[in-house]
Amino acid sequence: MFRASNVCFQAAVLAIALSTPIRAQISQASLQGTVTDNSGAAVRGATVVIKNRGTDESRSVTSGASGEYLISNLNPADYSLTVSLPGFKTAVVSSLVLHTGEHSTVDTILEVGATNQEVTVEAVVPLLETASGEVSHLVPASQVAELPLNGRNFWELTQLTPGATFIPRGQTAQYNGSEIRARSVNVTVNGQSYLFTGWSLDGANVTNFELGGTLVQPNVDAIQEFAVAASNMSPEYGHTPNMINASLKSGTNAFHGSLFEFLRNDKLDARNFFLKDVVPLKRNQFGGTLGGPIWRDRLFFFTDYQGTRLRQGTSFNYVVPSLAERQGNFSELLPKK
């Protein structure tokens, strides 16, 4: 009796685990298209293989009755695409860049010939978002790395999106003396409240629902790219009309990394006209990234670190009592007739 009950309990636990919904990977991309021959007729049963050029990871699907195919849950990266079928030349797209949250379409035409013959396309036209009506703006890795950022807060680049306004210290800044203990980043899109902007990092929702914005500010060198979606988004984005969707870098078959140090020092500052000395300031922001293979083509790593050290003085204006006030005569404070 006990054994039967135990089996039933395990079966119930397994059923609950299998029925648990899996969160949509909104930071990932998808690729779809149609395979046809020279006459425009749909080609059924063609093997479509997409390979990550950085990790050599590959995925394959077979075209359907109408020649259509769909490959979803692809990490933002540079891919190659191969389409093959016996009796046709193999079609190869050597470089295909998919971006964060992108749903792209690549149609392929197969020419009659031997399978060992290849028709290679070195480059394709920029991919258009034809699979959804989403209105969004992508901030690529080149802009994240090269544009100047005050304090290395890459969320400031949301201002590159038409209609988006970045609030530098957010609506919920918290201070302790001259040091910022916590700072919520806020962005308004198309005049809507910052409370209507959602934040996602590698598919994880990092929105501060109580205060608005987000407190998560990753290392700029660890960011691959991000997109600002302003309207007509897919249901997986949740209960917000606007979404900022960022992706972090990952390891590949090649080692890559960076080191940085940003210095602000009072030795480089001018004296305030109303102060005798320069206000002390020593601000160091430093760190780095490193990624590469652990087991080539199978297992990779990527890590990053950023530290900030701030020592800063604060100037105050004090009211000094006059000689008469120090002697107990406060008649100067009375309104004059």
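Parameters and conventions
- Residues numbered from 1 in each chain as written.
- Predicted model: local features only at pLDDT ≥ 70, side-chain atom pairs only at ≥ 80, totals over all residues.
- Heavy atoms only, no water.
- Helix = DSSP H or I, 4+ residues; strand = E, 2+ residues; numbered from the N terminus.
- Buried < 20%, exposed > 50% of the residue type's maximum accessible area, 1.4 Å probe, protein only.
- Areas by Shrake-Rupley, 256 points an atom, 1.4 Å probe, with all protein chains shown as cover.
- Phe/Tyr/Trp six-rings, centres within 6.5 Å; stacked < 30°, edge-to-face > 60°.
- Lys NZ or Arg CZ within 6 Å of the ring centre and 35° of its normal.
- Patch = residues over 30% accessible without salt bridge, like charges linked within 9 Å, V, L, I, M, F, W, Y side chains within 5 Å.
- Salt bridge = Lys/Arg side-chain N within 4 Å of Asp/Glu carboxyl O.
- Pairing = 2+ DSSP bridges.
- Core = buried A, V, L, I, M, F, W, Y, C linked by side-chain atoms within 4.5 Å.
- Contact = heavy atoms within 4.5 Å.
- pLDDT = per-residue confidence, 0-100.
- Axes fitted to C-alpha atoms, helices over the stretch in contact; angles between N-to-C directions.

(A) Expanded view of the overall build of the protein. When its secondary structure is counted, the protein shows 3 helices and 21 strands. Within the span of the protein, comprising 337 residues, buried residues form 36% of the whole. Accessible surface, the protein: about 20,400 Å² in total, of which carbon and sulfur atoms supply 56%.

(B) A look at the environment of Ser142. Relative to the helices and strands, Ser142 resides in helix 2 (residues 141-146). Distance in space between the C-alpha atoms of Ser142 and Glu225 is 8.5 Å, their sequence separation being 83 residues.

(C) Main features of the packing of aromatic side chains. For the structure on display, the rule yields 7 aromatic pairs. Here the aromatic rings of Phe154 and Phe226 are separated by 5.4 Å at their centres, their planes lie at 65 degrees, and the arrangement is edge-to-face. One end of the pair, Phe154, is in the loop between helix 2 and strand 11 (164-167); the other, Phe226, is in strand 17 (residues 223-231), with 72 residues separating them in the sequence. Grouping residues by exposure puts Phe154 and Phe226 together as buried. Ring pairs connect the aromatic residues Phe154, Trp155, Trp199 and Phe226, which therefore count as one cluster. Of note, Arg152 hangs over the ring of Phe260, and the distance from its end group to the ring centre comes to 3.9 Å.

(D) Up close: a nonpolar patch on the surface. A cluster of nonpolar side chains, contributed by Ile294, Trp295 and Leu299, occupies part of the molecular surface with about 340 Å² of accessible area. Residue position: Ile294 is located in strand 20 (residues 281-295).

(E) Broad picture of the pattern of salt bridges. A complete count under the given rule lists 4 salt bridges for this structure. Residue Asp78 pairs with Arg53 through a salt bridge whose shortest N-O separation is 3.1 Å. Of this pair, Asp78 sits in strand 5 (residues 77-84) while Arg53 sits in the loop between strand 2 (47-52) and strand 3 (58-62), placing them 25 residues apart in sequence. With a shortest N-O distance of 3.0 Å, Arg152 and Asp221 are connected by a salt bridge. Residue Arg152 is found in the loop between helix 2 and strand 11, and its partner Asp221 is found in the loop between strand 16 (204-205) and strand 17; the two are separated by 69 residues along the sequence. By the burial criterion, Arg152 is buried, and Asp221 matches it.

(F) Molecular detail of the pairing of strand 6 (residues 90-98). Within strand 6, 7 of the 9 residues are buried, leaving the element largely enclosed by the surrounding structure. Relative to strand 6, strand 5 runs antiparallel, the two sharing 6 bridges. Looking across to strand 6, one finds that Leu81 is bridged to Val93. Connecting strand 5 to the next strand, strand 6, in antiparallel fashion are 5 residues, including Gly87 with a positive phi near 95 degrees. Where strand 6 and strand 9 (residues 118-121) come together, 4 bridges link them in parallel fashion.

(G) Fine view of the nonpolar core. By size, the foremost hydrophobic cluster in this structure holds 22 residues, and its most contacted members are Leu31, Val35, Ile50, Tyr69, Leu81, Val83 and Leu110. Among the elements of the structure, strand 1 (29-37), strand 2, strand 4 (68-74), strand 5 and strand 6 are those that each provide at least two residues to this core. Beyond its immediate chain neighbours, meaning those up to four positions away, Val83 contacts Val35, Ala46, Thr47, Val48, Lys89, Thr90, Ala91, Thr108 and Leu110. Ranked by size, the runner-up nonpolar core spans 21 residues in total, among them Val139, Val220, Ile223 and Ala230.

(H) Summary view of unusual backbone geometry. A positive phi angle is found at Asp56, which is not glycine, with a value near 65 degrees. Among the secondary structure elements, Asp56 is positioned in the loop between strand 2 and strand 3. Relative accessible area serves as the criterion here: at 35%, Asp56 is assigned to the partly exposed category. You will see that Asn73, though not glycine, has its phi angle at about 55 degrees, which is positive. With respect to the helices and strands, Asn73 occurs in strand 4.

(I) Spotlight on the confidence of the model for the protein. Model confidence for the protein is summarised by a mean pLDDT of 81, while 82% of its residues fall at 70 or above. Highest mean pLDDT in the protein belongs to strand 2 (95); lowest belongs to helix 1 (residues 2-19) (45). Low pLDDT, under 50, characterises residues 1-5; the stretch is placed with 0 contacts to residues that sit more than four places away or in other chains. Of the regions scoring below 50 in pLDDT, residues 11-24 engages in 4 contacts with residues more than four places distant in sequence or in other chains.

(J) Representation of the sheet that holds strand 21 (residues 299-312) in the model. Strand order in the open sheet formed by 3 strands is 19-20-21, and the pairing between neighbours is antiparallel. Both edges of this open sheet fall to strand 19 (256-265) and strand 21, since each of them pairs with a single strand only. Strand-to-strand twist across the sheet, computed as the mean angle between neighbouring axes with direction ignored, equals 5 degrees. Sheet topology places strand 19 next to strand 20; 10 bridges connect them, and they run antiparallel. When the bridges of strand 20 are listed, Ser258 appears paired with Thr289.

(K) Region of interest: the pairing of strand 3. Bridging between strand 2 and strand 3 involves 5 bridges; their strand directions are antiparallel. Looking at the pairing, Ile50 lines up with Arg59 of strand 3. Between strand 2 and strand 3, which pair antiparallel one after the other, the connecting turn spans 5 residues, and Asp56 there sits at a positive phi close to 65 degrees.

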